[in-house]
Amino acid sequence: MTLSQTSNYTDTTTVPQDSAIYVGIDIGSTKVCVIIARSVPNVGVNIIGLGTADSNNGVLRGVIVNIENTTRAIQQAIEKAQQMSGVQVKSAVVGISGDHIQVLHTKAVITTNNPNREITRADVQRLMDDSQQISLSSDRKILHTIPQSFVVDGQDGIKDPVGMSGLRVDADVHLVTAAGTNLQNIYRCCERAGIEVSGLVLEPIASAAAVLDEEEKDVGVAIIDIGGGTTDIAIYHNNVIRLTSSFGIAGKQVTDDIRAWLGITYAQAEKIKRDFGHCIEESIVRDEHFPVIKTTRTPVEISKSELCRIIQPRMEEIFEFVWGEISRSNMAPKLSGGIVITGGTANLRGADLLAQHIFGISVKLGIPNGIAERALAPEAMNPMYATAVGLILYAIEEGKKAEYLLQESVREEIPIRETSSYINSRIVQPKVQQPIKQTKPTNQNNGNFIKKVVDWFTKL
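Quick summary incoming for the structure in this document. (Residues numbered from 1 in each chain as written. Predicted model: local features only at pLDDT ≥ 70, side-chain atom pairs only at ≥ 80, totals over all residues. Heavy atoms only, no water.)

Attention now goes to the sheet that holds strand 14 (residues 231-237). Read across the open sheet, the five strands follow the order 15-14-13-18-19; overall the sheet is mixed. At either margin of the open sheet sits one strand with a lone partner, and together these are strand 15 (240-247) and strand 19 (363-365). For this sheet the average axis-to-axis angle between neighbouring strands, irrespective of direction, equals 20°. Judged from the six bridges that link them, strand 13 (residues 221-226) and strand 14 form a sheet pairing that is antiparallel. Paired with Ile223 across the bridge in strand 14 is Ala234. Along the sheet face, helix 4 (residues 203-211) touches strand 13, strand 14, strand 15 and strand 18 (339-342) and points at about 60° away from the line of strand 14. Sitting on the sheet, helix 9 (residues 351-359) is in contact with strand 18 and strand 19, with an inclination near 160° to strand 19. (Pairing = 2+ DSSP bridges. Helix = DSSP H or I, 4+ residues; strand = E, 2+ residues; numbered from the N terminus. Axes fitted to C-alpha atoms, helices over the stretch in contact; angles between N-to-C directions. Contact = heavy atoms within 4.5 Å.)

Here you go:
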């Protein structure tokens, strides 16, 4: 589909009624990225809108430090995506990162309710809810509840107990928490921009949804998302996330080094980094010279290899920090799938080669996948959009899980209220995104019973 054909989406009668619009917002330290996608059953995920805007110093190391600048950047990025897609955005899934993220490990136990002792998805969710009953400081909020392993009647090593017979179920749980003030600032900026936050997702988890496949997650893989202000780490093994971490050294520090060494503006340094930057001299095929206009207005010429000698030490520092985190987790021997680097800074030439030298294991560049090869797909298939694309894919997957849980609750006559904590805290439900222009009346059919139940909870 060509770009001009996206105008068809302004007429809701031309698209399947069971399709849904999802919006992902990546609020980064250097840019805000908005992606609008349409998920159509049996067709796939089509990206129909993409917009970016400079964060304009509104975000520092993943944390919002200026409400007005961040709000303005969100509005600008949304406007660009809306114009491209013809869809009016009402709500979005938003990424969150920063060194305020903390991880706790806890245990929980329940007994099954069913007379036949079959463990259901609702039982597992009750177990996850129970794991959240821990003492947290008033400024900490639980962002994700991730089961690590289950034990059923003393039998350990169980990945998914649903469908098994058992009386007692234990779980080791990975709780991801965030500073409450940072969450409030994200909500405040989005609300001022006219957007309702339908879900918050830790950015390395979102990036993993976009660039990792199930086989990699099973055998063991680490994803390193190097953005502008933070570097985020997530490790998967046996299809379960085992580690999440973040630190505030990333692409912005590389640009700062270039600016300081060459005596130029930040904007010039960023452009030089993107156009001529290499992380390691081995990646330089032709060592060309290029002009640099300093603040003294006296132009000089430097070579790519000279620029590389400015960039490489900082990139080495980033990768050494990453390897330190991985080594402390004792997960390094389990990374049979190697390491995947993604994020805007991963676009620096030779980044994967330098990483491989430092880590000593296979490294590849992570490109977003899982989107249909149509329209804006080629533009979005760039490491810098990994988080935004991943937010869409994560939201779709969580929506499927929630619908399955509702269906199971209805089938087993479990009171719907027992699942409400899951729906309100975990599920990312897309709001109906209205077209900017409509040439025909929209179909107001509410759909099947499950959709009505989901809509009912959305209105709570």
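That was the structure; now back to the text.
As a further point, take the packing of helix 6 (residues 251-262) against helix 7 (residues 266-276). At a minimum axis distance of 8 Å, the contact between helix 6 and helix 7 shows a crossing angle of 110°. Here helix 6 lies roughly perpendicular to helix 7, going by the angle between them. Contacts between helix 6 and helix 7 involve Gly251, Lys252, Val254, Thr255, Asp256, Ile258 and Arg259 on the former and, on the latter, Tyr266, Ala269, Glu270 and Lys273. Of the residues that constitute the contact of helix 6 with helix 7, the class distribution is four nonpolar, two polar and five charged. (Parallel < 35°, antiparallel > 145°, perpendicular 65-115°, else oblique. Nonpolar A, V, L, I, M, F, W, Y, C, P; charged D, E, K, R; others polar.)

Mapped onto the fold, Ser29 is located in the loop between strand 1 (20-27) and strand 2 (31-40). When its relative accessible area of 12% is taken as the criterion, Ser29 is described as buried. Within polar-contact distance, the side chain of Ser29 engages the backbone nitrogen of Arg61 at 3.4 Å. A distance of 3.1 Å separates a polar side-chain atom of Ser29 from the backbone nitrogen of Gly62. In contact with Ser29, not counting residues within four places along its chain, are Ser55, Val59, Leu60, Arg61, Gly62, Gly228 and Gly229. (Buried < 20%, exposed > 50% of the residue type's maximum accessible area, 1.4 Å probe, protein only. Polar contact = N/O pair within 3.5 Å; in protein donor to acceptor, adjacent residues only side chain to side chain.)

Pairing in this open sheet of four strands is antiparallel, and the strands run 8-11-9-10 from one edge to the other. Of all strands in the sheet, those with a lone pairing partner are strand 8 (102-111) and strand 10 (155-158), marking the two edges. Sheet twist, expressed as the average angle between the axes of neighbouring strands with direction ignored, equals 35°. Strand direction decides the pairing type here: strand 9 (residues 140-152) and strand 11 (residues 168-179), joined by 11 bridges, are antiparallel. Paired with Lys141 across the strands is Ala178, a residue of strand 11. Lying on the sheet, helix 3 (residues 180-192) is in contact with strand 9 and strand 11; it crosses strand 11 at an angle near 70°.

What follows is about the nonpolar core. Within the largest apolar cluster, 68 residues are counted, with the highest numbers of intra-cluster contacts made by Ile25, Ile27, Ile35, Ile74 and Val389. Counting residues per element, this core draws most heavily on helix 11 (residues 386-411), which supplies nine residues. Once residues lying within four places of it in the same chain are set aside, the contact partners of Ile25 are Val32, Cys33, Val34, Ile74, Ile78, Ala92, Val93, Val94, Gly95, Ile195 and Leu391. One finds Ile233, Ile272, Leu354 and Val363 within the second-largest nonpolar core, a separate group that totals 39 residues. (Core = buried A, V, L, I, M, F, W, Y, C linked by side-chain atoms within 4.5 Å.)

Taken together, the two bridges between strand 9 and strand 10 define a ladder with antiparallel strand orientation. Among the inter-strand pairings, Val152 is bridged to a residue of strand 10, identified as Gln155. Taking the residues between adjacent antiparallel strands as the criterion, strand 9 and strand 10 are bridged by two residues, where Asp153 takes a positive phi near 50°.

A few words now on the layout of surface pockets. Here the second largest pocket defines a volume of roughly 890 Å³. Lining the second largest pocket are 41 residues, and of these Thr30, Lys31, Gly228, Glu270 and Arg274 sit closest to its centre. Every element with two or more residues in the lining of the second largest pocket is listed here: strand 1, strand 4 (59-60), strand 13, helix 6, helix 7 and helix 11. Top element by residues in the lining of the second largest pocket is helix 7. It accounts for six residues. Residues that form the lining of the second largest pocket fall into these classes: 11 nonpolar, 18 polar and 12 charged. (1 Å grid on protein atoms, 1.4 Å probe; cavity = no way out; pocket = protein on both sides within 12 Å on 5 of 7 lines; lining within 4 Å. Points joined across faces, edges and corners; volume = space filled by probe spheres on them.)

Bringing a nonpolar patch on the surface into the picture now. Judged by side-chain polarity, Leu365, Ile367 and Met381 come together as a nonpolar surface patch covering roughly 200 Å² of accessible area. The residue Met381 is located in the loop between helix 10 (377-380) and helix 11 in this model. According to the relative accessible area criterion, Met381 is partly exposed, its value standing at 30%. (Patch = residues over 30% accessible without salt bridge, like charges linked within 9 Å, V, L, I, M, F, W, Y side chains within 5 Å. Areas by Shrake-Rupley, 256 points an atom, 1.4 Å probe, with all protein chains shown as cover. Salt bridge = Lys/Arg side-chain N within 4 Å of Asp/Glu carboxyl O.)

Here we come to unusual backbone geometry. Glycine aside, residues mostly have negative phi angles, and peptide bonds mostly take the trans form. A positive phi is found at Asn57, a non-glycine position, where the angle reads about 60°. Structurally, Asn57 is set in the loop between strand 3 (44-54) and strand 4. Under the relative-accessibility criterion, Asn57 is labelled exposed at 61%. Backbone geometry at Asn239 places phi at a positive 65°, although glycine is not the residue there. Mapped onto the elements of the fold, Asn239 is located in the loop between strand 14 and strand 15.

Applying the stated criterion to the full structure yields four aromatic pairs. Ring pairing ties together the aromatic residues Phe319, Trp323 and Phe359, which thus form one cluster. Directly above the aromatic system of Tyr236 lies the positively charged group of Lys217, at a separation of 5.1 Å from the ring centroid. (Phe/Tyr/Trp six-rings, centres within 6.5 Å; stacked < 30°, edge-to-face > 60°. Lys NZ or Arg CZ within 6 Å of the ring centre and 35° of its normal.)

Geometry only, nothing functional implied.
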